Every structure is written in structure tokens, then in C-alpha cells.
Amino acid sequence: MKSPAPLIECIKCGHGTKHKVVREYRTQVDDRAETGNIYWEHTQIVECMGCAAVSFVRKTSSTEETDPWETPIEKTTFYPSRTTRKRMTGAYTIPKKIRNLYGEVIRATGIEAPTLVAIGVRALVEAICDDKKCKVPRQLDKSIQKLADSGYLAAAHVDFIQLQRFVGNDAAHDAEAPDENELEAALDIVESLLTTLYVLPANVKRMTKSGKKLDEWKAKQKPKAVPMPATPKTVQ
């Protein structure tokens, strides 16, 4: 007998929806002779009843981990992961090399690998500096400053990118897992940089009608040349 349709966050709908159980499997391993424990696993193939997206649900429990009433604690894992960060809007406008690296970073957020994510975010900044011809070999801090000196980054934003660099350095050089809040902030910062350098310029190119009006407005703002007064003739 199949389980009733569970309410699960749909990977496509982005909110909780009822899912039809397409197939399910239950296993039990009695290992009391060796470890003194019994292990249970309940695996389901489920389909969203709204958009038909398919997911896998794996529930595990054992007598090894129980609550105060000695009831086995059930752990649930979803595939694809529900903890994966959503991609930024307009990612398709980013150069392919950087876009592929960004995709890897986003996928890493869904496998609970914060150290890898932090290293990936640092690599993203390096790739951006390289794309904009601002890379200083083995000196990311100077590469970031060169982005600002070249006009790609506002001076007020340099510190934001440098903060992100420290998170990446700790992960890359000291194998130190970043704090969850700091990692989220680092991702926000690098996505804002990608938006500024690639997404917004791509959007501007699409605004051809408004672009012409902007050019006309800029032309009107230019100060008109004032003719120099004639030099008076000297009477001998």
C-alpha cells in the first residue's frame, strides 16, 4: 500500500505542494548481532501534482539515534537538494567561463559543502578580474583594487569585495569552514558584482528606444563652448 500524498517543497514550483508517490521501497537491516542496532530506510519516488517535477525522498532511522522516549529519530534527505541556493536573475548574460563556475558554486550549496562554496566564490572574483584584464598574478587584493582603478568597481564597494576575499582565503589556505551567515553575505556580494558588470549592461543594450533618449539627454548636458573675447589691439 502506497503512502498518502505528502506535502513537499517542489524544486520547480518553489513552495510546498502535494506530491504523488510513484514508487517506494522499504528496507530493514537487523544488525543487533554485530552493532546492537536495527536500521530502517524508506525511499520514495515522488511527482509534484502541480508541475509534475520528479524528486527522490530518502528517510532513514535506527535504534542508534533515539529521542528521550527511545523512538528512532527519522532523517529525511531530498534529491535534488532543497537547500540549493537559487540562481541569480540574468545569469545567462555572464560570460560562459564565469557562468559555468558560478553554476558549480550554486550546485555546491546544495550538498552542504560550505568550504567548497567559499573557495568557489573566491575563484569567481579572480575570474572576473581576469575577464576585465585586471588580474594581478597571485595578488587578489591588488586585482580587486585594479577593478576599482579601471572604473569597473565603485571605490565604496572595494571593501565589500575584500571582505568576501577574506572568507575565501580562510577556506582555501586554512581549510576553515565559513560561518553560514558570512557565506551567504559573500554570495550576495559576488552576485551583486556579477549583476553590475554583466547583467545590467546586457539589459541596457535591450533598451534601444530609451538608449537613444539617454544619448540625446547627455548631448544637452554638455556645456556649450563660450567664444574667447577678441584681444584688443595695442595703439602705438
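Residues numbered from 1 in each chain as written. Predicted model: local features only at pLDDT ≥ 70, side-chain atom pairs only at ≥ 80, totals over all residues. Heavy atoms only, no water.

## Examining the environment of Val-105
Here's step 1: Along the chain, Val-105 falls in helix H1 (residues 96-108).
Here's step 2: Classification of Val-105 as buried rests on a relative accessible area of 3%.
Here's step 3: Sequence spacing of Val-105 and Thr-196 is 91 residues, and the spatial spacing of their C-alpha atoms is 19 Å. (Helix = DSSP H or I, 4+ residues; strand = E, 2+ residues; numbered from the N terminus. Buried < 20%, exposed > 50% of the residue type's maximum accessible area, 1.4 Å probe, protein only.)

## So, a negative patch on the surface
Here's step 1: Together, Asp-170, Asp-174, Glu-176, Asp-179, Glu-180 and Glu-182 make up a negatively charged patch on the protein surface.
Here's step 2: Listing elements by their share of the negative patch, those giving two or more residues are helix H4 (158-174) and helix H5 (180-206).
Here's step 3: Topologically, Glu-176 is positioned in the loop between H4 and H5.
Here's step 4: Judged by relative accessible area, which is 43%, Glu-176 ranks as partly exposed. (Patch = residues over 30% accessible without salt bridge, like charges linked within 9 Å, V, L, I, M, F, W, Y side chains within 5 Å. Areas by Shrake-Rupley, 256 points an atom, 1.4 Å probe, with all protein chains shown as cover. Salt bridge = Lys/Arg side-chain N within 4 Å of Asp/Glu carboxyl O. Lys, Arg positive; Asp, Glu negative; His and termini not counted. Charge placed at Lys NZ, Arg CZ, Asp CG, Glu CD.)

## Structural notes on the pairing of strand E2 (residues 16-31)
One face of the sheet, then the other: side chains in a regular strand alternate in exactly this way.
Here's step 1: Here three bridges tie strand E1 (residues 7-9) to E2, and the two strands are oriented antiparallel to one another. Residue pairing across strands places Ile-8 opposite Thr-17, the latter belonging to E2.
Here's step 2: Counting the residues that bridge the hairpin from E1 to E2 gives six residues, and of these Gly-14 lies at a positive phi of roughly 80 degrees.
Here's step 3: Pairing analysis gives 12 bridges linking E2 to strand E3 (residues 37-48), with the strands arranged antiparallel. When the bridges of E3 are listed, His-19 appears paired with Cys-48.
Here's step 4: Here E2 hands over to E3 after five residues, with Gly-36 in that stretch at a positive phi of 85 degrees. (Pairing = 2+ DSSP bridges.)

## Concerning the environment of Ser-143
Here's step 1: Positionally, Ser-143 belongs in helix H3 (residues 140-149).
Here's step 2: Counting along the chain gives 15 residues from Ser-143 to Ile-128, while the straight-line C-alpha distance between them is 9.7 Å.
Here's step 3: Dropping the residues within four chain positions of it, Ser-143 is found in contact with Cys-129, Cys-134, Lys-135 and Val-136. (Contact = heavy atoms within 4.5 Å.)

## What to know about the environment of Cys-48
Here's step 1: Position of Cys-48 among the secondary structure elements: in strand E3.
Here's step 2: By relative accessible area, Cys-48 is classed as buried at 2%.
Here's step 3: Residues Cys-48 and Pro-4, spaced 44 residues apart in sequence, show a C-alpha to C-alpha distance of 13 Å.

## Digging into the pattern of salt bridges
Here's step 1: Taken as a whole and judged by the stated rule, the model has eight salt bridges.
Here's step 2: The salt bridge partner of Glu-184 is Arg-85, with a shortest N-O separation of 2.8 Å. On the criterion of sequence distance, the pair formed by Glu-184 in helix H5 and Arg-85 in the loop between strand E5 (75-79) and H1 is long-range, its members being 99 residues apart.
Here's step 3: Residue class for Glu-184 comes out partly exposed when judged on its relative accessible area of 38%.
Here's step 4: For Arg-85, a relative accessible area of 15% gives the class buried.

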